[in-house]
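Here's the letter readout for the chains.
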Protein chains: 2
Amino acid sequence: SGEIVLRRGWLIKPWHIAALASLGFRSLRVVRRPRVAILSSGGELVEPGERLAPGKVYNCTKPMIWAMLASYGAEPIDLGTVPDDVDIISERVSDGLAISDAVIVTGGTSVGERDLVPEAVSRIGEIVVHGLAIRPGKPMGFAMASGKPIFMLSGLPVAALIGFQELVIPALEHMLGCKFDPPPRISGRLTRRVASPPGIRTYIRVRVFKGADGEVLIEPLRVTGSGILSTLTRGNGLLIIPEELEGLDEGSEVEVILLSPIFEGDET
Amino acid sequence: SGEIVLRRGWLIKPWHIAALASLGFRSLRVVRRPRVAILSSGGELVEPGERLAPGKVYNCTKPMIWAMLASYGAEPIDLGTVPDDVDIISERVSDGLAISDAVIVTGGTSVGERDLVPEAVSRIGEIVVHGLAIRPGKPMGFAMASGKPIFMLSGLPVAALIGFQELVIPALEHMLGCKFDPPPRISGRLTRRVASPPGIRTYIRVRVFKGADGEVLIEPLRVTGSGILSTLTRGNGLLIIPEELEGLDEGSEVEVILLSPIFEGDET
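Analysis parameters
- Residues numbered from 1 in each chain as written.
- Chains lettered and ligands numbered in written order.
- Predicted model: local features only at pLDDT ≥ 70, side-chain atom pairs only at ≥ 80, totals over all residues.
- Heavy atoms only, no water.
- Least-squares fit on C-alpha atoms with pLDDT ≥ 70 in both.
- Contact = heavy atoms within 4.5 Å.
- Buried area = accessible area lost by both parts, 1.4 Å probe.
- Salt bridge = Lys/Arg side-chain N within 4 Å of Asp/Glu carboxyl O.
- Polar contact = N/O pair within 3.5 Å; in protein donor to acceptor, adjacent residues only side chain to side chain.
- Helix = DSSP H or I, 4+ residues; strand = E, 2+ residues; numbered from the N terminus.
- Pairing = 2+ DSSP bridges.
- Axes fitted to C-alpha atoms, helices over the stretch in contact; angles between N-to-C directions.

(A) Quick look at the relation of the copies chain A and chain B. Each copy superposes on the other: chain A lies on chain B with an RMSD of 0.0 Å after a rotation of 180° and an axial shift of 0.0 Å. Here the symmetry operator amounts to a two-fold rotation axis. In terms of C-alpha distance to the rotation axis, chain A has A:Pro184 as its closest residue, with the C-alpha 2.2 Å off the axis. When the interface residues of chain A are mapped onto chain B, 100% of them are again interface residues, pointing to one common binding face.

(B) Highlighting the interface of chain A and chain B. In this assembly, 47 residues from chain A lie in contact with 47 residues from chain B. Interface area for chain A against chain B, summed over the two sides, is near 4,100 Å², with a carbon-plus-sulfur share of 68%. Our count for the contact surface shared by chain A and chain B stands at zero salt bridges. Where chain A meets chain B, there are six residue pairs in polar contact (both at pLDDT 80 or more). Elements with a contribution of two residues or more to the side of chain A that touches chain B: helix 1 (14-22), helix 2 (61-71), helix 5 (157-176), helix 6 (228-233) and strand 15 (263-264) of chain A. Counting residues per element, the side of chain A that touches chain B draws most heavily on helix 1 of chain A, which supplies eight residues.

(C) View of the sheet that holds strand 4 (residues 75-82) of chain B. Residues and elements named next belong to chain B. A sheet is described by the order of its strands in space; here six strands give the open sequence 4-1-5-9-8-6, paired in mixed fashion. Because the sheet does not close on itself, it has two edges, and the strands there are strand 4 and strand 6 (126-130). With direction set aside, neighbouring strand axes in the sheet form an average angle of 20°. Where strand 8 (residues 141-145) and strand 9 (residues 148-153) come together, five bridges link them in antiparallel fashion. Bridge assignment links Ala145 to a residue of strand 9, and that residue is Lys148. Contacts from helix 3 (residues 86-98) reach strand 1 (35-41), strand 4, strand 5 (102-106), strand 8 and strand 9, with the element oriented near 160° to strand 4. Most of the contacts of helix 5 (residues 157-176) go to strand 9, to which it runs at about 170°, and overall it touches strand 1, strand 5, strand 8 and strand 9.

Read these as spatial facts, not as claims about activity.
Given below as structure tokens:
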């Protein structure tokens, strides 16, 4: 009857498959998965499962980025791990560009006196952004080389997660020509005041749980030391404080991005 | 430091992988995917891609159920299509139970004078529920045989989708020992009144879009004729009217389950 069933750029859902099948379609031309290569930089990195020598840390950011890419329909490619050396980083990123649609480099975006990755990447392409008004994640950014994006993400998993959401997801949407579903959100009451610097979009990891009376409570997690482990596993939500605010008061009604289902009562 | 990183029953997210990798874990014992067999019943069904003879329709519900099972971590198994014959249905469901953890039968739950599937299933196991106070989807239900569930879903895709959400998803959560993420929800203003019978949980397919002033509007779709195609593809949301209400007024602020991203302006 001349009705449009699916438009270019729609993410195909099970009910779209039903609609197509009801018309007799067995197959459909779809967009190729973007291939995204991941390079870890940092002389301190050791692969999980290997022996951990003093001064070394496990590379935990790459498996997270890998899982995130796969969950958004991309095909991850491992470019390995390189030491803190501009020549080697630059060469490996070039290799990655040749076999992929985009490259993600983690770590080395601000290593004391020299930003190794931006320096290495600027030899190959043009830095578009370096330095984001977000926290955590300020030193991240991206470049373009031969029409392909090179993302410079933090080596720290929490910052890398936020950089992925701010930079990589919009790029994947652009490459796939579609919009992903918005993440689930939930509203609740803040259990204590949180501060945030003005002019910076601040991501606060939170624990979302049901209080005794069934009310949804949002507890900002305190980040002590590296704080990575506990906030990635005790936390189940992200509170984004916009640039124009300087924190939120205890008791405020806020909306958070829910990363995992809410906890019941005192369950951690 | 004795801190708990992951609990049994958590769905593993990318940041959990980061937390485990930071401790040096390369692998993890996880629950096996539930195997769910799908049987289509109905002499009128033809597979998409085949020639459609008069009086026949394409089987569009099976590919939808298949995609939904896969998206919730189950492993779908195709038990084929059987005619409207109690002996054959019963035999095929038994075969399916032997090779899977659960069976879904679609169609034949209320075929004029005889409910063929409930009759066939009652020979094998115990009917737990037949007849739900929901619309669409009233004649659906489930049975138990040797500790395994047998779901009786509608052959019509929209009703089957709702039956899947009401019956199959909670069972998958039970089998996997986890809770899935809640679906994304959005609030908006209803563009016209919708009626619903009291005592029945009513699912209304809606079109969620942004009005001229950026306001989120919820337009209940009119279902004419079979109405399947247009509401599965023009619609991008589900409005659930609870049992205790008799419809909702035009202009009401309502929350809907978002099936696909909201439409911008007049885009369909």
